[in-house]
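Coordinate inspection notes
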Amino acid sequence: MAVRHLSDDDYLTIERQLGAHNYKPLDVVLARGQGVWVWDTAGRRYLDCLSAYSAVNQGHCHPRIRDALVEQAHRLTLTSRAFHNDQLALFYEEVCALTRSHKVLPMNSGAEAVESAIKAVRKWGYEVKGVPPGQAEVIVCANNFHGRTIAIVGFSTDPTARRGFGPFAPGFAAVPFGDAEALEAAITPNTVAFLAEPIQGEAGVIIPPPGYLRRVRDICTERGVMLILDEIQTGLGRTGRLLAEEHEGVEADLTLIGKALSGGFYPISAVLSNSEVLGVLKPGEHGSTFGGNPLACAVARTALRVLVEEGMIANAAAMGDYFLAQLKRLSNPMIMEVRGRGLMIAVEFHEQAGGARRYCEALKERGLLCKETHEHTIRFAPPLVITREEIDWAMERIEAVLTH
Ligand SMILES: *Cc1c(COP(=O)(O)O)cnc(C)c1O
């Protein structure tokens, strides 16, 4: 293929002309990445504080995951589930051992894992709990984010995610996040599951009150309701534990992982189950052409191994504490709150600040990439391999931009 030399303006123009405008990216065209760093087309270096929405927890282009991908790509990439492959069983074994799960359903994207979990709990509701046909209800949280498919945006409470996309699937009810009493009051005999993020990511790193998840776990157990925790963003080390549910010592009935299960290389997600729920799915009732393919499984196996063997989860806990403490020392009356757990951190501004976007633009000029979530919040979520020196480097830039 002939080499074409495009300017950054060319890239932006072509994207604007040919692409659907469903994102509003910062004006930076990235060409290379390594660890916490990425480089643009001109060779300028940036510290990545978004980590592809936590899909590159292990850092960009991690050499062990890259080698696993390349090695597997030479051997076998896709068989479909019509046949077995020699990676799937090993992925099952390793992910179950690590997360103490008993059953796994491999899918591709996060949204597919959420959809799959909803299908499974509905079927469980009819076949095991005895819910009358067509009556199953799933309770979700206000300000949730679980992906972009029709069913999922149908139970979103964000008008931007929903507007113009109906009609939507029935069978969902929303309660305030962090309010266990509201959940208890909303449960009916037809409730099959409660679906929640342990910390709401896209909503702006919303941390529920202490004890919330434990109370939710008890309520679900008492009322015969399956607890589905969406750990697609909070999971795999992001909050300083393998799974965020560990902070409160709870186990969900279904745990959803995705994003960093890919190591940033190749999409894979999974529904993990500690109970009978996934057992209701019989041959032909659910599937995915690419789900459980050997390339994804080889990548995911190494992505998990790297997280554990290279101490990334403990590093996320220690560096998260350090980063959060530094951010809390920022003095700017426009800052409303600084909050976080592990390396999932948010700085929220008062409305008078005029939106967080301009801070993100200014930080980009100084070599730090981050993104506003909604209008007034910046999320700082660097790869879990970040060092204290790199946080100090970031803080110099953040201080310069956020306190002037
Ligand atoms: C990103 C995300 C999803 C959706 O994952 P996709 O791979 O983009 O479909 C679902 N739930 C949570 C909590 C997420 O952060």
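Everything in this summary refers to the structure shown in the same document. Here the structure is a predicted model, which is why all the values come from computation and not from measurement.

Counting 68 residues, the largest nonpolar core has Phe91, Leu261, Phe323, Leu327, Phe349, Phe380 and Ile398 as its most contacted members. The element that contributes the greatest number of residues to this core is helix α10 (residues 294–309), accounting for nine residues. Looking at this core, you find at least three residues from each of domain 1 (8–61 + 311–402) and domain 2 (63–309). In contact with phenylalanine 91, other than residues within four places in its own chain, are Val104, Leu261, Ile268, Cys297, Ala300, Arg301 and Leu304. By size, the runner-up hydrophobic cluster in this structure holds 29 residues, among which are Ala113, Val138, Ile228 and Val280.

Attention now goes to the packing of helix α3 (residues 63–75) against α10. Interhelical geometry of α3 versus α10 gives an angle of 160 degrees and a closest axis separation of 9 Å. Taken together, the axes of α3 and α10 are roughly antiparallel relative to one another. α3 and α10 meet at a crossing whose hand is right-handed. Contacts between α3 and α10 involve Arg64, Ile65, Ala68, Leu69, Gln72 and Ala73 from the first element and Pro294, Leu295, Ala298, Val299, Thr302, Ala303, Arg305, Val306 and Glu309 from the second. When the residues that make up the contact of α3 with α10 are grouped by side-chain class, the tally is 10 nonpolar, two polar and three charged.

Here we come to the packing of aromatic side chains. Summed over all chains, the structure comprises six aromatic pairs. With a centroid separation of 5.0 Å and 80 degrees between ring planes, the pair formed by tryptophan 37 and tryptophan 393 is classed as edge-to-face. On the criterion of sequence distance, the pair formed by tryptophan 37 in strand β2 (residues 37–40) and tryptophan 393 in helix α13 (residues 388–402) is long-range, its members being 356 residues apart. Between phenylalanine 91 and tyrosine 92, the aromatic rings sit 6.4 Å apart at their centres with planes inclined by 45 degrees, giving tilted as the arrangement. When its relative accessible area of 22% is taken as the criterion, tyrosine 92 is described as partly exposed. Between arginine 388 and the ring centre of tyrosine 322, over which it is positioned, the NZ or CZ distance is 4.0 Å.

Moving on: the pairing of strand β4 (residues 103–107). Of all five residues in β4, four are buried; the element is thus mostly enclosed. Across five bridges, the pairing between β4 and strand β10 (residues 269–273) is antiparallel. Following the sheet pairing, methionine 107 is matched in β10 by serine 269.

So, on to the layout of surface pockets. Of the volumes computed, that of the second largest pocket is approximately 830 Å³. Along the walls of the second largest pocket sit 25 residues, with Tyr23, Lys24, Pro25, Leu26 and Val28 positioned nearest its centre. Counting only elements with at least two residues in the lining of the second largest pocket, the list comes to α1 (8–18) and α2 (51–54). Looking at side-chain class alone, the lining of the second largest pocket contains 14 nonpolar, four polar and seven charged residues.

A few words on the sheet that holds strand β13 (residues 368–369). Strand order across the open sheet formed by four strands is β1-β2-β3-β13, with mixed pairing between neighbours. Edge positions in the sheet fall to β1 (30–34) and β13, since each of these pairs with one other strand and no more. Two elements, β2 and strand β3 (residues 45–48), share three bridges in a ladder whose sense is antiparallel. In the strand pairing of β3, tryptophan 39 is matched with arginine 45. Contacts from α13 reach β2, β3 and β13 within the one sheet, and its direction differs from that of β3 by about 100 degrees.

On to the pattern of salt bridges. Oppositely charged side chains may form a pair once their charged atoms are brought near each other. Within this structure, the stated rule accounts for 22 salt bridges. Between arginine 75 and glutamate 71 there is a salt bridge, with the nearest N and O atoms lying 3.2 Å from each other. One end of the pair, arginine 75, and the other, glutamate 71, are both in helix α3, four residues apart, so they sit about a helical turn from each other. Under the relative-accessibility criterion, glutamate 71 is labelled partly exposed at 43%. Taking the shortest distance from any N to any O, the salt bridge between glutamate 251 and arginine 100 comes out at 3.2 Å. Of this pair, glutamate 251 sits in the loop between β8 (226–230) and β9 (254–257) while arginine 100 is found in the loop between α4 (88–99) and β4, placing the two residues 151 residues apart along the sequence. Look at arginine 100 and you get exposed, because its relative accessible area is 53%.

Reading the values: rules and limits
- Residues numbered from 1 in each chain as written.
- Predicted model: local features only at pLDDT ≥ 70, side-chain atom pairs only at ≥ 80, totals over all residues.
- Heavy atoms only, no water.
- Core = buried A, V, L, I, M, F, W, Y, C linked by side-chain atoms within 4.5 Å.
- Buried < 20%, exposed > 50% of the residue type's maximum accessible area, 1.4 Å probe, protein only.
- Helix = DSSP H or I, 4+ residues; strand = E, 2+ residues; numbered from the N terminus.
- Domains from an automatic or database assignment.
- Contact = heavy atoms within 4.5 Å.
- Axes fitted to C-alpha atoms, helices over the stretch in contact; angles between N-to-C directions.
- Parallel < 35°, antiparallel > 145°, perpendicular 65-115°, else oblique.
- Left-handed = near helix turned anticlockwise from the far one by under 90°.
- Nonpolar A, V, L, I, M, F, W, Y, C, P; charged D, E, K, R; others polar.
- Phe/Tyr/Trp six-rings, centres within 6.5 Å; stacked < 30°, edge-to-face > 60°.
- Lys NZ or Arg CZ within 6 Å of the ring centre and 35° of its normal.
- Pairing = 2+ DSSP bridges.
- 1 Å grid on protein atoms, 1.4 Å probe; cavity = no way out; pocket = protein on both sides within 12 Å on 5 of 7 lines; lining within 4 Å.
- Points joined across faces, edges and corners; volume = space filled by probe spheres on them.
- Salt bridge = Lys/Arg side-chain N within 4 Å of Asp/Glu carboxyl O.

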